[in-house]
Protein chains: 2
Amino acid sequence: MATIYDIAKACGLSPATVSKALSNASDVSAATRERVRRIAQELDYVPNAGARALSQSRTWSIGILCQDTSQMGLWHYLFAQVIESFKDYVEQHGYDIVFISNKVGNMGLSYLGHCRYRRVDGVFIVNTDHAQTDARELMESNLPKIAIDFENEKIGCVKTDPEESMRMLFTHLYDLGHRNIVYLHGERGKYITEERIAALEKAAAEASDKSVNLRLFPSRYYSIEGGFDSMKKLLSATKDDRPTAVIASDDYTAIGVIEAVRAAGLSVPEDISVVGFDGIEITQRTNPSLTTIRQDTKAIGEAAAKNLLSQIAGEEDVPKTVSLKPQLICGESCRDIK
Amino acid sequence: MATIYDIAKACGLSPATVSKALSNASDVSAATRERVRRIAQELDYVPNAGARALSQSRTWSIGILCQDTSQMGLWHYLFAQVIESFKDYVEQHGYDIVFISNKVGNMGLSYLGHCRYRRVDGVFIVNTDHAQTDARELMESNLPKIAIDFENEKIGCVKTDPEESMRMLFTHLYDLGHRNIVYLHGERGKYITEERIAALEKAAAEASDKSVNLRLFPSRYYSIEGGFDSMKKLLSATKDDRPTAVIASDDYTAIGVIEAVRAAGLSVPEDISVVGFDGIEITQRTNPSLTTIRQDTKAIGEAAAKNLLSQIAGEEDVPKTVSLKPQLICGESCRDIK
DNA sequence: ATTGTATGTAAAATCGTTTTAGGAAGGACC
DNA sequence: GGTCCTTCCTAAAACGATTTTACATACAAT
């Protein structure tokens, strides 16, 4: 493959001049620049990203961490959309993406190790067990970085405003007359879980209505089966005091919840109203269609990208946290019981 | 960040020896090797993939081309699973993945240009418009490469055996008594479309039954809306000779088909039987659940990875085409009309 | 004693860029 | 004519590895 040396030789110039000509440096005459360009074309020259990276000490690549014990793998519908939006954005700015893993070859690299091996210019933490040593090490590092739905002193985040989201859901149910509500929340201890629980309890408290009975019940994220099992347990645990509405941790869980309600011989929304979270496409195709909070995945990906690129560029005053507006999608899974 | 030079200095050795010690070369004493290892640990050394690539002229990275005009983007459920499986496999062998695009920065790189810019060791063509100039250029190149559902002289492929798949579907419907069948096929001209149509017609011919009436009707891949629209048209075009069964090009299309049947005041499977293709998870959650052909996405990804790594290793007799077994999943979308 | 063979290490070249420091040529100005 | 800018270009170092060649030393075989 042709290199700048080949071009230099063909043009009768030095490699340095060729490099500058190709990168639009100011101290090359227009005539020379054009000649170099032409010859480069003719020789089918493509720069070597690795060599460039070595000399610039930046690779124009960004790491993405999206790993989880959940069976969904990397391709959770929601995360996938966020990643795609992120990728499109950074790609336009010349970056490629590297999926960070701690199982590369037999090198025994940690997440951070992998980032350093590939010399990524920054990292986007989409999903991981934030409590795990490996993830912690990465977040402690001083790489430019941004996360989704997680933050601490060392890392900022992009998220769909939890306060507003949960208030929207609660208010929607409350206005339909629901007072006996259960939140089927995701794994306790996860940052986003705690945040949403707090937000929901706050919204409930703000109603200042003694008749409101908000209870929590554990489930897990992104699992139809998990939603099914949890709802089954919930139903048998609340025989005498069945909730009139259930807020699922996410849309998959909500699908499972609906199945469980049916399996118990009850109906949605006649007997129990159900709402989800995330607003993935399929929720509008289910039967009944689901009332849920839509997260704007495109905006999330873009906001994360913009923030990270600003950090990489060394800009000052890069916002630490970006909070995006949720949108309530009204399906047919809730009944007015007033 | 520590380099082998730092280690060399700390050990009182030459960089060459350090390099060899770290790569388990034979001509380094065990004692030296251990010492180097220890110091490397202490200095928190991580090799620089770019530098390594420059000197080895291989990057340990593989390009993935998965782009399409379809609105599904990169994250089509089926392709996503294949890519994940592929990624897991090559990752274990030390490779990272690069998504190939023709919109990187403002460099105006073609697909092949991007591959050359990043010096990928091989490329996996998951989905693209194979007729497009850019894709053709890539396939003409002499990079190690493998595709899904496409092949020609220059590139081999991994696919779910079309002959067997289509025969399974046809036979299933035939055995249920269906004689009036429509295939709602994907875009004409696509390799896989033509292959499946031919396979289906062959299976129908093999029935040697004059009463079999197999018709083709155009639709497009992976679109619920597309399936809906096509089925609507089909219903109005066949008022007097409605098919008893419809084979959709894929599961998404099948979902749209079912909606269209309902919208026409008919029912699945009472009035019309519907089958899909791909076997994505959600088809078992729809109402009714879908009879479909399951493609083994994990096996596809692995087969592609294995094949590509063999090519990269320069092995001889790497199989050009790998054909995998389909699996018939029986849902409740077909009725026995005998 | 000589030759040969491992063995362990070092020096230097190489990979393809970018960057820094400077040099030559030519014009403008006093 | 000398000084000072510009403008355009080059040489050389740097980036961080790997790889090839060469050179010691030790020890065995002849």
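Everything discussed here concerns the structure shown above.
Because the structure is a prediction, the values reported are computed rather than measured.

**Focus on the overall build of chain A**
Secondary structure assignment for chain A yields twelve helices and twelve strands. The C-alpha atoms of chain A give a radius of gyration of 26 Å, which is well past the 20 Å a tight globule of 338 residues would have. Within the span of chain A, comprising 338 residues, buried residues form 55% of the whole. Within chain A, counting contacts between residues at least 6 apart in sequence, those at least 24 apart form 70% of the total. One finds the centroid of the 39 positive side-chain charges in chain A at a distance of 3 Å from the centroid of its 46 negative side-chain charges.

**A word on empty space enclosed by the protein**
Under the definition given, this model contains six cavities of 30 Å³ or more. What the largest cavity holds in volume is close to 160 Å³. Forming the boundary of the largest cavity are Tyr77(A), Tyr252(A), Ile280(A), Glu281(A), Ile282(A), Tyr77(B), Tyr252(B), Ile280(B), Glu281(B) and Ile282(B). Considering only residue class, the lining of the largest cavity consists of eight nonpolar, no polar and two charged. Within this model, the second largest cavity holds a volume of roughly 130 Å³. Lining of the second largest cavity is provided by Phe79(B), Val126(B), Asn127(B), His130(B), Ile148(B), Asp149(B), Lys190(B), Tyr191(B), Ile192(B), Arg196(B), Tyr221(B) and Tyr222(B). Contributions of two or more residues to the lining of the second largest cavity are made by β3 (122-127) and α9 (191-206) of chain B. The biggest single contributor to the lining of the second largest cavity is α9(B), with three residues. Classifying every residue of the lining of the second largest cavity gives seven nonpolar, two polar and three charged.

**A short note on the pattern of salt bridges**
All names here are of chain A. In total, this model carries 35 salt bridges over all chains according to the counting rule given. With a shortest N-O distance of 3.5 Å, Asp241 and Arg215 are connected by a salt bridge. With a gap of 26 residues between them, Asp241 in the loop between α10 (224-237) and β8 (245-248) and Arg215 in strand β7 (residues 213-218) connect regions that are remote in the sequence. Classification of Arg215 as partly exposed rests on a relative accessible area of 22%. Three or more residues are tied together by salt bridges with common partners; here these are Glu163, Arg167, Lys202 and Glu206.

**Details of the packing of helix α8 (residues 162-175) of chain B against α9(B)**
Residues and elements named next belong to chain B. It is the contact of α8 with α9, at a shortest axis distance of 8 Å, that shows an interaxial angle of 50°. Relative to α9, α8 is oriented oblique. Like other packed secondary-structure pairs, α8 and α9 cross with a definite hand, here right-handed. Residues Pro162, Glu163, Met166, Arg167 and Phe170 of α8 touch α9, and the partners they reach there are Glu195, Arg196, Ala199, Leu200, Lys202, Ala203, Ala204 and Glu206. Of the residues assigned to the contact of α8 with α9, the class counts are seven nonpolar, no polar and six charged.

**Focus: the protein's contact with DNA strand C**
Near DNA strand C, the surroundings consist of 25 residues, among which Tyr5(A), Ser19(A), Ser55(A), Ser14(B) and Asp27(B) are the closest. Within 4 Å of the protein, the atoms of DNA strand C are drawn from sugar and phosphate moieties in a proportion of 61%. One of the side-chain nitrogen or oxygen atoms of Thr32(B) is found 2.8 Å away from a phosphate oxygen of DNA strand C. Those elements giving two or more residues to the surface near DNA strand C turn out to be α1 (4-11), α2 (15-22) and α4 (49-56) of chain A together with α2 (15-22) and α4 (49-56) of chain B. The element contributing the most residues to the surface near DNA strand C is α4(A), with four residues.

What counts and what doesn't
Residues numbered from 1 in each chain as written. Chains lettered and ligands numbered in written order. Predicted model: local features only at pLDDT ≥ 70, side-chain atom pairs only at ≥ 80, totals over all residues. Heavy atoms only, no water. Helix = DSSP H or I, 4+ residues; strand = E, 2+ residues; numbered from the N terminus. Rg over C-alpha atoms; globule rule 2.2 N^0.38 Å. Buried < 20%, exposed > 50% of the residue type's maximum accessible area, 1.4 Å probe, protein only. Contact = heavy atoms within 4.5 Å. Lys, Arg positive; Asp, Glu negative; His and termini not counted. Charge placed at Lys NZ, Arg CZ, Asp CG, Glu CD. 1 Å grid on protein atoms, 1.4 Å probe; cavity = no way out; pocket = protein on both sides within 12 Å on 5 of 7 lines; lining within 4 Å. Points joined across faces, edges and corners; volume = space filled by probe spheres on them. Nonpolar A, V, L, I, M, F, W, Y, C, P; charged D, E, K, R; others polar. Salt bridge = Lys/Arg side-chain N within 4 Å of Asp/Glu carboxyl O. Axes fitted to C-alpha atoms, helices over the stretch in contact; angles between N-to-C directions. Parallel < 35°, antiparallel > 145°, perpendicular 65-115°, else oblique. Left-handed = near helix turned anticlockwise from the far one by under 90°. Near = heavy atom within 4 Å. Polar contact = N/O pair within 3.5 Å; in protein donor to acceptor, adjacent residues only side chain to side chain.

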